[in-house]
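Structural description and commentary
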Amino acid sequence: MTSPQDAGLTGRYLVLLEDDAVAAGARAMSRVAGLRMASTADFAGAAAPSVFDEADGLILHELGVAVVTAAEDQASRLAVAAAEPGPISVVEAERVVHAITAEAPAEPVTTADESAFTWGLQAIRASTCAVDATGVRVAVLDTGFDVKHPDFAGRNVTTNSFIKGEDVQDGHGHGTHCIGTACGPRKPSAGPGYGVAFNADIYAGKVLSNSGSGSDGGILAGISWAIANGCSVVSMSLGAATQPGTPYSTVFEQAAKRAMDLGTLIIAAAGNESSRGAGHIASVGHPANCPSIMAVGAVNEAGAVADFSCGTVDAIGQVDIVAPGENVYSSWPGAEHKRLRGTSMATPHVAGIAALVAAQYQAKSWELWARLVQSATRIKLPSTDVGAGLVQAP
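This is a predicted model, so every value here is computed, not measured.

What about the overall build of the chain?
- Per the secondary structure count, the chain includes 9 helices and 16 strands.
- For the chain, the C-alpha atoms occupy an extent of roughly 65 × 45 × 40 Å along the three principal directions.
- Within the chain, contacts between residues separated by at least 24 positions form 77% of all contacts whose residues are at least 6 apart in sequence.
- Of the accessible surface of the chain, which amounts to about 14900 Å², a share of 50% is contributed by carbon and sulfur atoms.
- Here the chain holds 24 positive side-chain charges and 38 negative ones, and the gap between their average locations is 5 Å.

What about unusual backbone geometry?
- Omega for the peptide link from His286 to Pro287 comes to 0 degrees, which places this bond in the cis form.
- At Asp20, a residue that is not glycine, the phi angle is positive and equals roughly 55 degrees.
- For Asp20, the location among the structural elements is in the loop between β1 (9–17) and α1 (22–33).
- Residue class for Asp20 comes out exposed when judged on its relative accessible area of 84%.
- The backbone phi angle of Asn327 is positive, close to 55 degrees, even though this residue is not glycine.

What about the packing of helix α4 (residues 174–183) against helix α7 (residues 343–361)?
- Orientation of α4 relative to α7, taken along the N-to-C sense of each, is 35 degrees, at an axis distance of 7 Å. Along this stretch, α4 crosses α7, giving a crossing that reads as right-handed. In this structure, α4 uses His174, His177, Cys178, Thr181 and Ala182 to contact α7, whose residues at the interface are Ser344, Met345, Pro348, His349 and Gly352.
- Per-class residue counts for the contact of α4 with α7 are 4 nonpolar, 6 polar and no charged.

Remarks on the side chain of Glu253
- Within the element layout of this structure, Glu253 appears in helix α6 (residues 250–261).
- Here Glu253 sits buried without a salt bridge, and the closest side chain of opposite charge, Lys257, lies 4.0 Å off (N-O distance).
- For Glu253, the residues in contact, after removing those within four places along its chain, are Tyr248, Cys290, Pro291 and Ser292.

Structural notes on the pairing of strand β5 (residues 88–99)
- Relative to β5, β1 runs antiparallel, the two being bridged by 6 bridges. Looking across to β5, one finds that Leu9 is bridged to Arg95.
- Of the pairings in the sheet, the one linking β5 to strand β9 (residues 213–215) comprises 3 bridges and is antiparallel in character. Following the sheet pairing, Val97 is matched in β9 by Gly214.
- Pairing of β5 with strand β11 (residues 238–239) involves 2 bridges; the strand directions are antiparallel. Bridged to Ala99 within β11 is Leu238.

Structural notes on the pattern of salt bridges
- Under the defined criterion, the tally for this structure stands at 11 salt bridges.
- With a shortest N-O distance of 3.0 Å, Glu326 and Arg341 are connected by a salt bridge. In this pair, Glu326 is assigned in the loop between β14 (321–324) and β15 (328–332) and Arg341 in the loop between β16 (336–340) and α7, connecting sequence segments 15 residues apart. Neither residue differs from the other here; Glu326 and Arg341 are each classed as buried.

Comments concerning the sheet that holds β14
- If you trace the 7 strands from one edge of the open sheet to the other, you get β7-β8-β6-β10-β12-β13-β14, paired in parallel fashion. In this open sheet, the two strands that pair with only one neighbour each are β7 (157–161) and β14. In this sheet, adjacent strand axes meet at a mean angle of 25 degrees when their direction is disregarded.
- Bridge count between strand β6 (residues 137–142) and strand β8 (residues 201–206): 6 bridges; the pairing is parallel. Bridging from a neighbouring strand, Val138 pairs with Ile202 of β8.

Brief notes about the packing of aromatic side chains
- Per the stated rule, a full pass over the model turns up 5 aromatic pairs.
- Where Tyr194 meets Tyr329, the ring centres are 5.9 Å apart and the plane angle is 75 degrees; that geometry is what we call edge-to-face. Of the two residues, Tyr194 sits in the loop between α4 and β8 while Tyr329 sits in strand β15, which places them 135 residues apart along the sequence.
- Take Tyr194: its relative accessible area is 0%, and that puts it in the buried class.
- Judged by relative accessible area, Tyr329 falls into the buried class, the value being 15%.
- Put simply, the rings of Phe162, Tyr203 and Trp225 touch in pairs and so form one group of aromatic residues.
- Here Lys338 stacks its cationic end above the ring of Trp332, 4.3 Å away from the centre of that ring.
- When the ring centre of Tyr361 is taken as reference, the NZ or CZ atom of Arg371 above it lies at 4.0 Å.

Observations concerning the packing of α7 against helix α8 (residues 365–374)
- Interaxial distance between α7 and α8 falls to 10 Å at its minimum, and their mutual angle equals 110 degrees. If you check the angle between α7 and α8, you find them roughly perpendicular. Considering only the axes of α7 and α8, their crossing is right-handed. Each of Ile353, Ala354, Val357, Ala358 and Tyr361 in α7 lies in contact with α8, whose residues at this interface are Glu367, Leu368, Arg371 and Leu372.
- The residue inventory of the contact of α7 with α8, partitioned by class, reads 7 nonpolar, no polar and 2 charged.

Considering helix α2 (residues 72–82)
- Of the residues making up α2, those classed as buried are Gln74, Ala75, Leu78, Ala81 and Ala82. The arc that holds the buried residues of α2, viewed along the axis, is 115 degrees, so those residues lie on one side. What points out from α2, more than 90 degrees from its buried face, is the exposed set Glu72 and Val80.
- Packed against the buried residues of α2 are β1, α1, β4 (65–68) and β5.

So, how was this worked out
- Residues numbered from 1 in each chain as written.
- Predicted model: local features only at pLDDT ≥ 70, side-chain atom pairs only at ≥ 80, totals over all residues.
- Heavy atoms only, no water.
- Helix = DSSP H or I, 4+ residues; strand = E, 2+ residues; numbered from the N terminus.
- Contact = heavy atoms within 4.5 Å.
- Areas by Shrake-Rupley, 256 points an atom, 1.4 Å probe, with all protein chains shown as cover.
- Lys, Arg positive; Asp, Glu negative; His and termini not counted.
- Charge placed at Lys NZ, Arg CZ, Asp CG, Glu CD.
- Buried < 20%, exposed > 50% of the residue type's maximum accessible area, 1.4 Å probe, protein only.
- Axes fitted to C-alpha atoms, helices over the stretch in contact; angles between N-to-C directions.
- Left-handed = near helix turned anticlockwise from the far one by under 90°.
- Nonpolar A, V, L, I, M, F, W, Y, C, P; charged D, E, K, R; others polar.
- Salt bridge = Lys/Arg side-chain N within 4 Å of Asp/Glu carboxyl O.
- Pairing = 2+ DSSP bridges.
- Phe/Tyr/Trp six-rings, centres within 6.5 Å; stacked < 30°, edge-to-face > 60°.
- Lys NZ or Arg CZ within 6 Å of the ring centre and 35° of its normal.
- Parallel < 35°, antiparallel > 145°, perpendicular 65-115°, else oblique.
- Arc of directions from axis to C-beta.

Okay, structure coming up:
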């Protein structure tokens, strides 16, 4: 028999509640399935993972979504309730998610002059952008952050871990690299400037473990925490692969819409499952395939789509915009720096530009989305691969 883990599932469930029905939803889950629920409304921002030791589930108050541990018969009763009028709208199995990475070449080589700034910052015009993003809050939900990295000394950094038994310190490296691209320095003590929104306030949410894996519930808890803390942008270089024709998550789509209503734009990596050189283009992964989450593809220094970058293969998920994703230099745990490749590396470029646009125009949510795509540089490639084009600084 296939276990939930073998199928890419955790064994838990996501429960979407109707609009403004959090209290009624908690009562319904208790009445229908006998579940004891806790709520982030009772905590500062979002609760720690230990809440599941004390309750059967956690309601993410800001999103109107619950993450529950339920037996099969309890889940069946919730599904029946979702099919009837009432506060319970949708029940989905919770997925396992991972940091989106692609294997780096043995000897990364850049043809650009990076004596002052990385090629990525130059390509998106961040290197010449003087907009100050001070006060704009950017949440990066990933494997955590090396809070002692010297390049970030004196910065406004707020952290939270949603991984049980692990603090926010990044034992993987992926999160520190992504935070560096989105919000790192323009003038580090050594090496090229690599940070887009170099003065933004950093919110580092650990939703992936030191091994690089996590769950839908952790991501949603991180989004809820970011909203509660007034973050204008959420950057997520994570997800799960999808097959063409697979519906996007109704729970994540509604959560993204509610985040937008509360002033938070979610930006996510499209995925790295393509092998374009071999003629294979994979579909945009979860949760980037949701219409209300901005999906980011990757391009290389030549302006071509990266071989691994997922694309629009059907009407369900599409690439909205692209950014540098090959040979990207950024921070790494242990006061180090490293070059990586992936749509993971492209996504924080877009998140950093979003912070600059938010600062320049006081834009939020759909206006912020619109400004990002309208100002992108058009590329003579199919929009199914590059969306609106290459993101550009204001």
